[in-house]
Amino acid sequence: MMKHDILKMQDPEVFASITGEVRRQTETLELIASENFTSRAVMEACGSVMTNKYAEGYPGKRYYGGCEYVDIAENLARDRAKQLFGCEYVNVQPHSGSSANMAVLFSVLKPGDPIMGLDLSHGGHLTHGSSVNFSGQLFDAHSYGVDRETGIIDMNKVEEMAMQVRPKLIIAGASAYSQGFDLKAFRQIADKVGALLMADVAHPAGLMAAGVMPNPMEHCHFVTTTTHKTLRGPRGGMIMMGKDFENPLGITIKTKTGSRVKMMSEVMDAEVMPGIQGGPLMHIIAGKAVAFGEALQPEFKVYAQQVKDNAAAMAARFLGLGYHIVSGGTKNHLMLLDLRNKEVTGKVAENLLHDAGITVNKNMVPFDDKSPFVTSGIRVGTPAMTTRGMKVAESEQIAGLIDRVISAANQPDIADVCKQVKAEIRELCLSFPLDGYGPLI
Ligand code: DSN
């Protein structure tokens, strides 16, 4: 049972904050596309004694003694991830998706090298070349975008930019893009200009692992991900390679008979630790192993398909209600609503929906005229609500409830509307309880 009895006695203030968060997660609707609810087993592993252990290095090659049990957990995490994604190499130590991306960039680039990634304001990620992030500050970053009319990445423009920029690395991946990436086409462009291709699949990783979206491995040199979004594991990152290869910078290693070029797996392991990190979070790695074990079960495929079906149903309902969805719809777990025709900003919509018990995030839309603190859109995702067991009928109902709030945004009775919707959302959430959260309330 998760009663946190000792914490309650020792530190009532922290306990109260956790209790509040449990109530929030239990009684309100989580639609942030990058969030999910891990299983009780994942949380038990993450809350275990493995948090006490230093284990710099890798299984069988640690800088500290006493690693025989954490080695078991890390080997399980690595083996299960390899099985899930069908890859030859995996590193489960990155503390986050950003760390995973940093390790890849540092392992194959020199400062100032040209890179390409999707523009942050078109759905990309900070680590794909944003000027406020290391990726845009240390490297010569160029951003491709989506077409103004279709909201879809124009591969001809990507190729044109690649021919001009001659990047050393192309990054394919997004935080707010509801279409798939044509990784075969990206790889053709990368090969044409002599670039490496990295897919950051942090968002759709769970859908890919379950086989309801195409596996990225065959087309990419590197695949990075977080483990806590659609993959439904603990908060963290991971790096994978479908096939190992000699590192392109030509870094060598001494052998008994001379020297040889290091394999990319060797370079990557060294880049993660000691390159950018020290001791791995072994409790989180144990949680990753548990989550990957869950994702290998047939039920996870059913879950992943439902995430997509729910997103499709929600998008169809929004379109029917006159909403504009960037790119016209969704092929994954999320959608980006452009609210400009609804005369409400993303910021206002986020706040009103919060008052109505619905959590979303404001989000820039492509070619947005508002700042990132205001924005013209909201991002809506189905991974967390699907974990509660909600299906297509609830997805349609939720789109209707969101519309009730947004349609009343400029009306004098908006506070009453939010109150009524909040009561309906609470009832809906309580009829789809979160397994394992009860005892704290
Ligand atoms: N912050 C994540 C998201 O919400 O998509 C990306 O890292």
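Refer to the structure above for everything that follows.
What you are looking at is a predicted structure, and each value in this text was computed from that prediction instead of being measured.

Observations regarding the overall build of the protein chain
Next, step 1: Along its length, the protein chain carries 16 helices and 17 strands.
Next, step 2: On C-alpha atoms alone, the protein chain measures out to a radius of gyration of 22 Å, which is about the 22 Å that the 2.2 N^0.38 rule sets for 441 residues.
Next, step 3: Taken along the three principal axes of its C-alpha coordinates, the protein chain extends 80 × 60 × 35 Å.
Next, step 4: Buried residues in the protein chain amount to 56% of all 441 residues.
Next, step 5: By sequence separation, contacts in the protein chain at least 24 residues apart represent 71% of the contacts at least 6 residues apart.
Next, step 6: By element, 53% of the accessible surface of the protein chain is carried by carbon and sulfur atoms, the whole surface being about 19000 Å².
Next, step 7: For the protein chain, the centre of its 44 positive side-chain charges and the centre of its 48 negative side-chain charges are spaced 3 Å apart.

Quick word on the sheet that holds strand β17 (residues 377-381)
Next, step 1: Overall, antiparallel pairing links the 4 strands, which are arranged β13-β14-β17-β16 in an open sheet. With one partner strand each, in any of the chains shown, β13 (324-325) and β16 (361-363) form the two edges of the open sheet.

Looking at the site of the ligand
Next, step 1: All residues in the neighbourhood of the ligand are listed as Ser34, His125, Ser175, His203, Lys229 and Arg379.
Next, step 2: Within the side chain of Ser34, one N or O atom sits 2.7 Å away from an oxygen atom of the ligand.
Next, step 3: Between the ligand and His125, the relevant distance is 2.9 Å, taken from an oxygen atom to a side-chain nitrogen or oxygen of the residue.
Next, step 4: Expressed as a share of its isolated accessible area of 230 Å², the protein-covered part of the ligand is 63%.
Next, step 5: For the shell around the ligand, the class distribution of residues is no nonpolar, 4 polar and 2 charged.

Things to note about the sheet that holds strand β9 (residues 222-226)
Next, step 1: Here we have 7 strands laid out as an open sheet, ordered β4-β10-β9-β8-β7-β5-β6, and mixed in their pairing. Of all strands in the sheet, those bounded by a partner on one side alone are β4 (89-91) and β6 (140-144). On average, each strand axis in the sheet is tilted by 20 degrees relative to the strand beside it, whichever way the strands run.
Next, step 2: Sheet topology note: the strand β5 (residues 114-118)/strand β7 (residues 169-173) ladder contains 2 bridges and is parallel. Its bridge partner being in β7, Ile115 is matched across the sheet by Leu169.

Description of helix α10 (residues 264-276)
Next, step 1: A bend of about 25 degrees at Ala270 is the largest found in α10, and the proline Pro274 appears one to four places after it.
Next, step 2: Those residues of α10 lying buried are Met264, Ser265, Val267, Met268, Asp269, Glu271, Val272 and Met273.
Next, step 3: The elements touched by buried residues of α10 are β2 (57-58), β4, α5 (97-108), β9 and β10 (237-241).

What about the state of the cysteines?
Next, step 1: Inspection of the entire model under this criterion finds 0 disulfides.
Next, step 2: The thiol of Cys220 is unpaired, and the distance to the nearest cysteine sulfur, on Cys87, comes to 12 Å.
Next, step 3: Given a relative accessible area of 7%, Cys220 falls into the buried group.
Next, step 4: No disulfide involves Cys429; its nearest neighbouring cysteine sulfur is the one of Cys418, lying 15 Å away.

Details of the packing of helix α12 (residues 298-320) against helix α15 (residues 392-407)
Next, step 1: Closest axis-to-axis distance for the α12/α15 pair is 8 Å, and the angle between their directions is 40 degrees. The orientation of α12 with respect to α15, classified from their angle, is oblique. Along this stretch, α12 crosses α15, giving a crossing that reads as right-handed. Contact with α12, carried on its side by Gln306, Asp309, Asn310, Ala313, Met314, Arg317 and Phe318, involves Val392, Ser395, Glu396, Ile398, Ala399 and Ile402 of α15 and no other residues of that element.

Quick look at the packing of aromatic side chains
Next, step 1: Scanning the model with the defined rule gives 9 aromatic pairs in all.
Next, step 2: Judged by centre distance (6.3 Å) and plane angle (55 degrees), the ring pair of Phe106 and Phe139 falls under tilted. Here the residue Phe106 occupies a position in helix α5, and Phe139 occupies one in the loop between α6 (134-137) and β6, the gap between them amounting to 33 residues.
Next, step 3: Judged by relative accessible area, which is 27%, Phe106 ranks as partly exposed.
Next, step 4: On the accessibility criterion, Phe139 (6% relative accessible area) is buried.
Next, step 5: Taking the centre distance of 5.7 Å and the plane angle of 50 degrees together, the rings of Phe222 and Phe245 count as tilted. Of this pair, Phe222 sits in strand β9 while Phe245 sits in the loop between β10 and β11 (252-255), and the two are 23 residues apart along the sequence.
Next, step 6: The class for Phe222 is buried, based on a relative accessible area of 0%.
Next, step 7: Relative accessible area serves as the criterion here: at 19%, Phe245 is assigned to the buried category.

Topic: the environment of Lys256
Next, step 1: In this fold, Lys256 is placed in the loop between β11 and β12 (258-261).
Next, step 2: The sequence separation of Lys256 and Gln164 amounts to 92 residues, and the corresponding C-alpha distance is 44 Å.

Comments concerning the nonpolar core
When a protein is soluble and globular, its nonpolar side chains tend to lie buried together.
Next, step 1: Judged by nonpolar contacts, the single largest core of 59 residues is most densely connected at Phe85, Ile170, Leu231 and Met238.
Next, step 2: Excluding anything up to four places from it in sequence, Phe85 contacts Ala205, Met208, Ala209, Asn215, Met217, Leu231, Met238 and Met240.
Next, step 3: Within the second largest apolar cluster, 38 residues are counted, among which are Ile325, Val360, Ile406 and Cys429.

Considering the environment of Gly123
Next, step 1: On the secondary structure map, Gly123 appears in the loop between β5 and α6.
Next, step 2: Note: C-alpha distance between Gly123 and Ser175 (52 residues apart in sequence) is 5.5 Å.
Next, step 3: Beyond its immediate stretch of four places on either side in the chain, Gly123 contacts Leu118, Ala174, Ser175 and Ala176.

Notes on the side chain of Asn36
Next, step 1: Positionally, Asn36 belongs in the loop between β1 (29-30) and α3 (40-46).
Next, step 2: Residue class for Asn36 comes out buried when judged on its relative accessible area of 15%.
Next, step 3: Of the polar contacts made by the side chain of Asn36, one reaches the backbone oxygen of Lys229; its length is 3.0 Å.
Next, step 4: Within the local environment of Asn36, its side chain forms a polar contact with the side chain of Tyr303, the two groups lying 2.8 Å apart.
Next, step 5: In this structure Asn36 touches His228, Lys229, Thr230, Arg232, Tyr303, Pro383, Ala384 and Thr387, once residues within four positions along its chain are discounted.

What counts and what doesn't
Residues numbered from 1 in each chain as written. Predicted model: local features only at pLDDT ≥ 70, side-chain atom pairs only at ≥ 80, totals over all residues. Heavy atoms only, no water. Helix = DSSP H or I, 4+ residues; strand = E, 2+ residues; numbered from the N terminus. Rg over C-alpha atoms; globule rule 2.2 N^0.38 Å. Buried < 20%, exposed > 50% of the residue type's maximum accessible area, 1.4 Å probe, protein only. Contact = heavy atoms within 4.5 Å. Areas by Shrake-Rupley, 256 points an atom, 1.4 Å probe, with all protein chains shown as cover. Lys, Arg positive; Asp, Glu negative; His and termini not counted. Charge placed at Lys NZ, Arg CZ, Asp CG, Glu CD. Pairing = 2+ DSSP bridges. Near = heavy atom within 4 Å. Polar contact = N/O pair within 3.5 Å; in protein donor to acceptor, adjacent residues only side chain to side chain. Nonpolar A, V, L, I, M, F, W, Y, C, P; charged D, E, K, R; others polar. Axes fitted to C-alpha atoms, helices over the stretch in contact; angles between N-to-C directions. Bend = angle between axes of the 7 residues up to and from the residue. Disulfide = S-S within 2.5 Å. Parallel < 35°, antiparallel > 145°, perpendicular 65-115°, else oblique. Left-handed = near helix turned anticlockwise from the far one by under 90°. Phe/Tyr/Trp six-rings, centres within 6.5 Å; stacked < 30°, edge-to-face > 60°. Core = buried A, V, L, I, M, F, W, Y, C linked by side-chain atoms within 4.5 Å.

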